[in-house]
Amino acid sequence: MPGDTQDSAIRVAGLTKRYGGVAAVDDLSFEVRAGAVTGFLGPNGAGKTTTLRILLGLARPTAGEAKIFDQPFAALADPVRTVGASLEISGFHPGRSGRNHLRSLAVLAGLPFSRVEEVLGLVELTGAADRRAGKYSMGMRQRLALASTLLGDPRVLVLDEPANGLDPQGIRWLRDFLRAIAAEGRTVLISSHVLSEVAQTVDDVIVIHHGRLVDEGPVDRLSGPQRVSVRSPRLADLAAAIERGGAEVSRSGDDVLIVSGLDAAQIGDLAFAAELPLHELAPHAASLEEVFLELTSDDLTPEAPEAPA
Amino acid sequence: MSRVLRSELLKLRTTRTALGFAVAGVLLVLLFVLVGVLSGNPRTIVDKRAILSIGDPLAVVLLIFGVVGATAEYRHRTVAAGALIVPSRLRLSIGRMVAYGLVGVAVGGLMLVVAFAIGLPLLADQSGPSLAGSDYVRAIVGSLLACGLGAMLGVGVGVLVANQVAAVTGTLVFLFVADPLIVAASANVGKFFFGSALMAVGGRGNGGHRLAFGPAVAVIIAWTAVVLIVAGWVDSRRDIS
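Computed from a prediction, not measured in an experiment: that's the story for all the values here.

Per the secondary structure count, chain B includes 11 helices and 0 strands. Going residue by residue from the N terminus, the α and β elements of chain B occur as α-α-α-α-α-α-α-α-α-α-α. In terms of overall dimensions, chain B has C-alpha extents of about 60 × 40 × 25 Å along its principal axes. In chain B, buried positions account for 50% of the 241 residues. Pairs at least 24 apart in sequence give 80% of the contacts found in chain B among residues at least 6 apart.

This paragraph deals with the pairing of strand β7 (residues 187-192) of chain A. All names here are of chain A. With 6 of 6 residues buried, β7 is to be regarded as a mostly interior element. Direction of pairing for strand β3 (residues 37-41) relative to β7: parallel, over a ladder of 5 bridges. Following the sheet pairing, Leu41 is matched in β7 by Ser192.

In this section: the interface of chain A and chain B. Counting from both sides, the interface comprises 31 residues of chain A and, opposite them, 25 residues of chain B. Those elements that provide at least two residues to the side of chain A that touches chain B are α2 (79-82) and α3 (98-109) of chain A. Tallying contributions element by element places α3 of chain A first for the side of chain A that touches chain B, with 7 residues. For the side of chain A that touches chain B, the residue count by class is 17 nonpolar, 9 polar and 5 charged.

Turning next to the packing of α3 of chain A against helix α1 (residues 2-13) of chain B. In helix packing, the relevant descriptors are the interaxial angle and the interaxial distance, both defined with respect to the helix axes. At their nearest, the axes of α3 of chain A and α1 of chain B sit 7 Å apart, and the two run at 165 degrees to each other. The angle between α3 of chain A and α1 of chain B places the two elements in the roughly antiparallel class. Read as a crossing pair, α3 of chain A and α1 of chain B show a hand that is right-handed. Packed against α3 of chain A, whose contacting residues are Arg103, Ser104, Val107 and Leu108 of chain A, the element α1 of chain B presents Arg3, Val4, Arg6, Ser7, Leu10 and Lys11 of chain B at the interface. In terms of residue class, the contact of α3 of chain A with α1 of chain B is built from 4 nonpolar, 2 polar and 4 charged.

We now examine the confidence of the model for chain A. Regions with low pLDDT carry predicted coordinates that are not meant to be interpreted in detail. Residue and element names in this part refer to chain A. Chain-level statistics for chain A give a pLDDT mean of 86 and a share of 91% at 70 or above. Throughout residues 1-5 the model reports pLDDT below 50, and contacts reaching past four residues in sequence, or to other chains, amount to 10 contacts. Considering only residues more than four positions removed or in separate chains, one finds that residues 299-305, a stretch of pLDDT under 50, has 14 contacts.

Moving on, we come to the environment of Ile45 of chain B. All names here are of chain B. Within the secondary structure, Ile45 is located in helix α3 (residues 45-52). In sequence terms Ile45 and Gly55 are 10 residues apart; their C-alpha atoms lie 17 Å from each other. If we ignore the near neighbours within four places in the chain, the residues touching Ile45 are Pro129 and Leu131.

Here the focus is the sheet that holds strand β4 (residues 63-68) of chain A. All names here are of chain A. Taken in spatial order, the 3 strands of this open sheet run β2-β1-β4, and their pairing is antiparallel. Strand pairing shows two members of the sheet lacking a second neighbour, β2 (22-33) and β4, which therefore form its edges. Averaged over all adjacent pairs, the angle separating strand axes in this sheet is 15 degrees, with direction ignored. When strand β1 (residues 8-19) meets β4, the two strands line up antiparallel, connected through 5 bridges. Each residue of the ladder has a partner; that of Ile10, found in β4, is Ile68. Sitting on the sheet, helix α1 (residues 48-55) touches β1, β2 and β4, and the angle it makes with β1 is about 115 degrees.

About the cut-offs
Residues numbered from 1 in each chain as written. Chains lettered and ligands numbered in written order. Predicted model: local features only at pLDDT ≥ 70, side-chain atom pairs only at ≥ 80, totals over all residues. Helix = DSSP H or I, 4+ residues; strand = E, 2+ residues; numbered from the N terminus. Buried ≥ 20, exposed ≤ 12 C-beta atoms within 10 Å, placed from the backbone. Contact = placed C-beta atoms within 7 Å. Pairing = 2+ DSSP bridges. Nonpolar A, V, L, I, M, F, W, Y, C, P; charged D, E, K, R; others polar. Axes fitted to C-alpha atoms, helices over the stretch in contact; angles between N-to-C directions. Parallel < 35°, antiparallel > 145°, perpendicular 65-115°, else oblique. Left-handed = near helix turned anticlockwise from the far one by under 90°. pLDDT = per-residue confidence, 0-100.

This is the structure:
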């Protein structure tokens, strides 16, 4: 986006939010690159919404800070043109039409009604704009929420679980929509508990669990180091030989080893030197979903609470 | 502030809530005037003044209107949408309060037209002294003030409590149970509570223990200011979604 000269659009430092004795967000720190699309990932109850609400000045942190362009949200000179956010798809009066909902926000922001028509067109909701929002389908509600975030043509978009409740067509529409938004160079922070919903759209990911940072970085890095699956009738001997070669070995089923730390050629050489037969030698990278599930694997433990509604 | 005010007025125009309360107000005024004239047999100046002083019952309706409108922002989670554009929640609350006050005055004016259109011909047929011009002025000014201030106070209560059911129930219990009990226990104390003061502004009182018009207006303004300050303080510390 023109004018985004800072490296970080969003900076969260030591953020903590406690409800009673339970930490919904626990000493969380991360940065969101300006101009990047960043996935904010974690299972339900991980503290994503609480973090976003603090970032947007809707909740007070117990400790730490969250800033947008180095300022708390409340101190932004022109919030509506800086940040567009959608936290709740039910953030409208059910008896008010979609068009009038957006018009009330436009008046509040000092924007002309023509901008309302523009964003209605962007989210393809013009035809249903005069219907009462309470009668909208889930997909239409998501589109209305997205329209409200775009009203001020903001440099930063913060979207909380925008794919929630969408059918496959809706998810595809959302993906295309986010790609178009990202192509304009805006900074986008999009939360989700389903990595596949955003994996094709994001540049970076931030993964949190139980309110704490688990991993962050480019989405490509999240796929992790390459691993090699090896099949052999003499699996135990082969495992010992590979471990002597300095690699980590784990079993997958009765006759397959998963090896990390050596590539396929090195494993083949080791097997040849040890005179061990190989029936399969297949390099593969763990899928993003596998890595995500691995990072957030203890879901059976009690979840940290999201903020009360 | 004008943007907040215009946005709130647009919101009021685009749901049926205000219309519903206006209809309820018309029915209440019709009932109040017709029952007052036809069954009350008003002959004294005080009785005739009371017939046209619709601000008292109507202010209660508009107070609830304010409570419902302000709490609806939390119930439907539209309060966050506003705060994402205007981060100062106090500014939003003040704008909402002024908007509801203006609508309260407008509804009060409409109800006065209804009350006068029905009440004046009926009162003309009653015996006893006629109302003076000052009585009409007092009925009009008092009713409009009571309606406007009632709606504003309702918004303050709504922002303070946030939960719609609790706020509406609490307000009704206070007005119809606690306030009369306080007045019964000590009229000198009770006259300073907003239920009694609204009666005094609206045109009626509780016997000889009501406040005069001016002090009653001051008491309602003071209650509104106190509730707004407390509500603003509470709301600024409240996590919203």
